[in-house]
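One-letter residues, chain by chain:
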Amino acid sequence: MKKNLVYAAVFLLVMIAGFFAFAIYYQETYIKLNEKLIDISLNQDYWTSGDVTVSVDYLNKDIYISSYSFDGGNTWQSSNQYVVSENQILQIVLKASNGSTSPVLPYRIENIDKEKPEIVFEDIVYVARNSPFTFDGKYEIVDEGSGIKGDIQIEPSSIDTSKLMTYEVDFFVTDRALNTASRRMIVEVVEPNDPKLSGNPGSREVPVTGLTLSTSQISLVKGTSATITAHVKPSNATHQEVKWSSSNEKVATVDSAGNIQAISSGVATVSAVTMDGNKKSDVRVIVTDKKVEVVEIQLDRVADQVVTNHENIILTATIRPENATDTSITWNSSNPAVAIVSNGVVQIRGEGTTTITATTSNGKVASYALTVVDHYTFQEKEVRTETGELMGYLIKIYQNGVDITTQVSAITSPFTARNEKFEGEIVITNNNHSQLKDSITFTYRSKLYTATR
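First things first, this report covers the structure right here in the doc.

**Let's talk about the packing of aromatic side chains**
Line of reasoning, step 1. Going through the model one piece at a time under the given rule, you end up with 10 aromatic pairs.
Line of reasoning, step 2. The interplanar angle of 65° and the centroid separation of 5.4 Å between the aromatic rings of Y139 and F171 together place this pair among those described as edge-to-face. Taken together, the residues span a long stretch of sequence, with Y139 in the loop between β8 (124–128) and β9 (140–142) and F171 in strand β11 (residues 166–175) at a distance of 32 residues.
Line of reasoning, step 3. Owing to a relative accessible area of 27%, Y139 belongs among the partly exposed residues under this scheme.
Line of reasoning, step 4. Under the relative-accessibility criterion, F171 is labelled buried at 0%.
Line of reasoning, step 5. Grouping aromatic residues by their ring pairs yields a cluster made of F121, F133, F135, Y139 and F171.

If you want it as structure tokens, here you go:
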């Protein structure tokens, strides 16, 4: 009997020791929150002040974070996201499921673009009747924040100069932070001898700002010729004159119109310099005794998947051998509704897939596969009363990072939410929120789409 009691006592002591050892291990490895493991980030680089959300993540996934505070522990919430404004200083604290809290981490919200783009032009522009007229060079868009989104809209987009009349032309532009600007230009069509034309901004001298040539390298067989075209910038520069020269006239000569004549085998540099502004651009001219065929053409990109508002993609083609006689390339897009291409510049047009091909004059081909999609995401936030009582939740939906919530007619899955708007967001009930997962289905422009967190 005494022996059994001894065994029981020993067993109890071992259990108690094991419990304390586990508790110590638990304290050391699980409870402690490490400031260095907390990651803080804004949802986008540039946003308007009402749409900035900060996210907080704890990189040690072994520790479950139950609450987040963005005011030093005064208010706690289950969501790791918080809507903020410019120059706001957050006091971020994280709380583990056992009540242990992280140090207070100060975080200042910066880099929010609130400034509208600036549309610069003369308020009144005069144009002679029956003369050609375009808006090119007559306006400038200035945006030092997030950059311009899409193209500027001009309404009307063209002017009929056959009639003596005055047009009111409206300019609209939006930057990537969705700040919009508009301005009106007055265009008046007058007789060619009207004194107003002498004071027309279009009659003032426009300086040259740059020069590009139609190619940067060309290969010719001795005795043949080619013409290089100079493009003076801007296109409405007052003085368009260009002076041409060759670094080695024993190899190639050039006349005042950019016509190059191949004299003998070798390499020469043909240069063009603007008479106004001294802007310069060069062409490398390779002359061979006989025609050299293209063996291979390669592109610097093979395939990409981008969103519909992606900026232009620049493709660079490399031809081998370098001294191939005819280096001309024909560019083509198999689906112009998705993207078009010109001289290697790919412009996105819409969703879908297309193949961009670059073909040499002797039939060598290089291909680039492009897939264009729209990427939809959503974000949620709590709505509480001044006393902290939870009222419901708000949903925002984004297309490629651009807020489209006001254009969404309904959330259709996993629940049905009417398009009840509160500050431009969709209201959902507490009951609906319990069904909310990592994706939702919604109706946008009469079609169903899926958005993820």
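The discussion continues.
**Notes on the nonpolar core**
Line of reasoning, step 1. In this structure, I218, L220, I228, W244, I260 and V285 are the most contacted members of the largest nonpolar core, which totals 22 residues.
Line of reasoning, step 2. When contributions to this core are tallied by element, the ones reaching two or more residues are β13 (210–213), β14 (217–221), β17 (242–246), β18 (252–254), β19 (259–262), β20 (266–274) and β21 (280–288).
Line of reasoning, step 3. Among all residues touching I228, those that are not within four sequence positions of it are L213, S214, T215, I218, W244, A257, G258, I260 and V283.
Line of reasoning, step 4. The next biggest cluster of nonpolar side chains, apart from the first, holds 20 residues, and it includes V294, L299, I319 and W331.

**Looking at the sheet that holds β18**
Line of reasoning, step 1. Pairing in this open sheet of three strands is antiparallel, and the strands run β15-β19-β18 from one edge to the other. Two strands bound the open sheet, and with one partner strand each, they are β15 (225–227) and β18. Each strand axis lies, on average, 20° off the axis of its neighbour in the sheet, ignoring direction.
Line of reasoning, step 2. Of the pairings in the sheet, the one linking β15 to β19 comprises three bridges and is antiparallel in character. In the sheet register, A226 faces β19, and the bridge partner there is I260.

The rules behind these values
- Residues numbered from 1 in each chain as written.
- Predicted model: local features only at pLDDT ≥ 70, side-chain atom pairs only at ≥ 80, totals over all residues.
- Heavy atoms only, no water.
- Phe/Tyr/Trp six-rings, centres within 6.5 Å; stacked < 30°, edge-to-face > 60°.
- Helix = DSSP H or I, 4+ residues; strand = E, 2+ residues; numbered from the N terminus.
- Buried < 20%, exposed > 50% of the residue type's maximum accessible area, 1.4 Å probe, protein only.
- Core = buried A, V, L, I, M, F, W, Y, C linked by side-chain atoms within 4.5 Å.
- Contact = heavy atoms within 4.5 Å.
- Pairing = 2+ DSSP bridges.
- Axes fitted to C-alpha atoms, helices over the stretch in contact; angles between N-to-C directions.

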